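Secondary and tertiary structure notes
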Amino acid sequence: MDIQKLIDDYSIWLKNEITVEQIGEYYEITTPYLDSSNDYLQIYIKQNGDNFILSDDSNTINKLYSMGLKLTKNRKEHLNRILLQYGVQLNKNELVANVPINEFAKRKHMFVQAMLKIDDMFIINKSNVSSLFIEDIQSFFAKKDIFYSENVQFTGVSGFVHNYDFLLQRSKTKPERLCTAVNSPSKSTVSSILFAWDDTKPSRKDDSKLVILLNDENNIPRGVEMAFNKYEAKVIKWSERDKNVNIDYLSA
């Protein structure tokens, strides 16, 4: 597999699919990434001295509210962890970031990842669900004595920084495993994860693995598992988490 060619092809596709329109003092950038409503993610940029201000114009949070999201204490805490992880602030309902001009590419990438992460982690199909998928995973790991580091970052060969929900350390019998929780998979989510893995993997040990913790209580579009499998990712469906083979894979 020519990892560098895959990364280059992805970068070319991303560049060709982005559109820009000036709206007053802002530039509206429409990305090829889709949210859970199949709307393209848009960010707004204006210059402020030696910095750029990035904004989502409150679209991410407002759309979740319109879908019935209620921010409980636990959800607020998790939202704050995501914001901290990606270097984004919350101004009322608006996601914002103030970034140096020379860090624009990297920080714009992280801003879009934050929007995707928030959109994915807070999609809840059942009105009586009070916990987050990430919290359910943490509880499961604790119950099964699966030890991990959470919210880890690695810089890929492109120079972009990629975030993973959990890192399962290498042991005598197991390789390093980077885990990503996917609550509500979409084409954009899958594409983003696979690009991050392609970009990260060359900087890790040869036997390092990507693990997808997939919430199959929500609808899984056709082709999602096949796409992950093509990149040799280990997909663990939430409904099958208690299988001995999966517990063994995640344990030290």
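Below is a summary of the structure that appears in this document. Being a predicted model, the structure only gives us computed values, none of them experimental.

Quick look at the environment of Tyr33
On the secondary structure map, Tyr33 appears in strand 2 (residues 26-34). Looking at Tyr33, the relative accessible area reads 5%, which means it is buried. For the pair formed by Tyr33 and Glu17, sequence separation is 16 residues and the distance between their alpha carbons is 9.5 Å. Leaving out residues up to four positions away in the same chain, Tyr33 has contacts with Tyr10, Leu14, Asp39, Tyr40, Leu41, Val112, Gln113, Leu116, Ser188 and Ser192.

Digging into the sheet that holds strand 8 (residues 161-168)
As summarised here, the arrangement of the five strands in space is 7-8-9-10-11, forming an open sheet in which the pairing is mixed. In this open sheet, the two edge strands, each paired with only one partner strand, are strand 7 (149-155) and strand 11 (234-237). Looking at each pair of strands side by side, their axes are set apart by 40° on average, direction ignored. By the bridge criterion, six bridges tie strand 7 to strand 8 in an arrangement that is antiparallel. Residue pairing in the sheet places Phe154 in a bridge with His162 of strand 8. Of the strands in this sheet, strand 7, strand 8, strand 9 (177-182) and strand 10 (209-214) are in contact with helix 6 (residues 187-200), which crosses strand 8 at around 85°.

A short note on unusual backbone geometry
Residue Asn38 is not a glycine yet carries a positive backbone phi of 65°. Within the secondary structure layout, Asn38 lies in the loop between strand 2 and strand 3 (40-48). With a phi angle near 60°, Lys92 is a residue other than glycine that sits in the positive phi range. The topology assignment puts Lys92 in the loop between strand 5 (89-91) and strand 6 (94-100).

Quick look at the pattern of salt bridges
The full count for this structure, using the stated rule, is 11 salt bridges. When the shortest N-O distance is used, the salt bridge between Lys144 and Asp242 registers 3.7 Å. Placement of the pair is Lys144 in the loop between helix 5 (133-143) and strand 7 and Asp242 in the loop between strand 11 and helix 8 (244-250), with a sequence separation of 98 residues. Lys144 sits in the partly exposed class, given a relative accessible area of 28%. The partly exposed category is assigned to Asp242, whose relative accessible area is 42%. Through salt bridges that share partners, Asp35, Asp39 and Lys63 make up one connected network.

A short note on the sheet that holds strand 3
Strand order in the open sheet formed by six strands is 1-2-3-4-6-5, with antiparallel pairing between adjacent strands. The open sheet has two free edges, formed respectively by strand 1 (19-23) and strand 5, since each of these has just one partner strand. Taken pair by pair, the neighbouring strands of this sheet meet at an average axis angle of 30°, ignoring direction. Pairing analysis gives three bridges linking strand 5 to strand 6, with the strands arranged antiparallel. Bridging across to strand 6, Asn91 finds its partner in Glu94.

Focus: the nonpolar core
The nonpolar side chains of soluble globular proteins are, as a tendency, buried together. By size, the foremost hydrophobic cluster in this structure holds 30 residues, and its most contacted members are Tyr33, Ile43, Leu54, Val88, Leu95, Phe111 and Ile118. When residues of this core are traced back to their parent elements, those giving at least two are helix 1 (3-17), strand 2, strand 3, strand 4 (51-55), helix 2 (59-66), helix 3 (73-86), strand 6 and helix 4 (104-121). Those residues in contact with Ile43 that lie beyond four places of it in its chain are Tyr27, Glu28, Ile29, Ser55, Lys108, Phe111, Val112 and Met115.

What counts and what doesn't
Residues numbered from 1 in each chain as written. Predicted model: local features only at pLDDT ≥ 70, side-chain atom pairs only at ≥ 80, totals over all residues. Heavy atoms only, no water. Helix = DSSP H or I, 4+ residues; strand = E, 2+ residues; numbered from the N terminus. Buried < 20%, exposed > 50% of the residue type's maximum accessible area, 1.4 Å probe, protein only. Contact = heavy atoms within 4.5 Å. Pairing = 2+ DSSP bridges. Axes fitted to C-alpha atoms, helices over the stretch in contact; angles between N-to-C directions. Salt bridge = Lys/Arg side-chain N within 4 Å of Asp/Glu carboxyl O. Core = buried A, V, L, I, M, F, W, Y, C linked by side-chain atoms within 4.5 Å.

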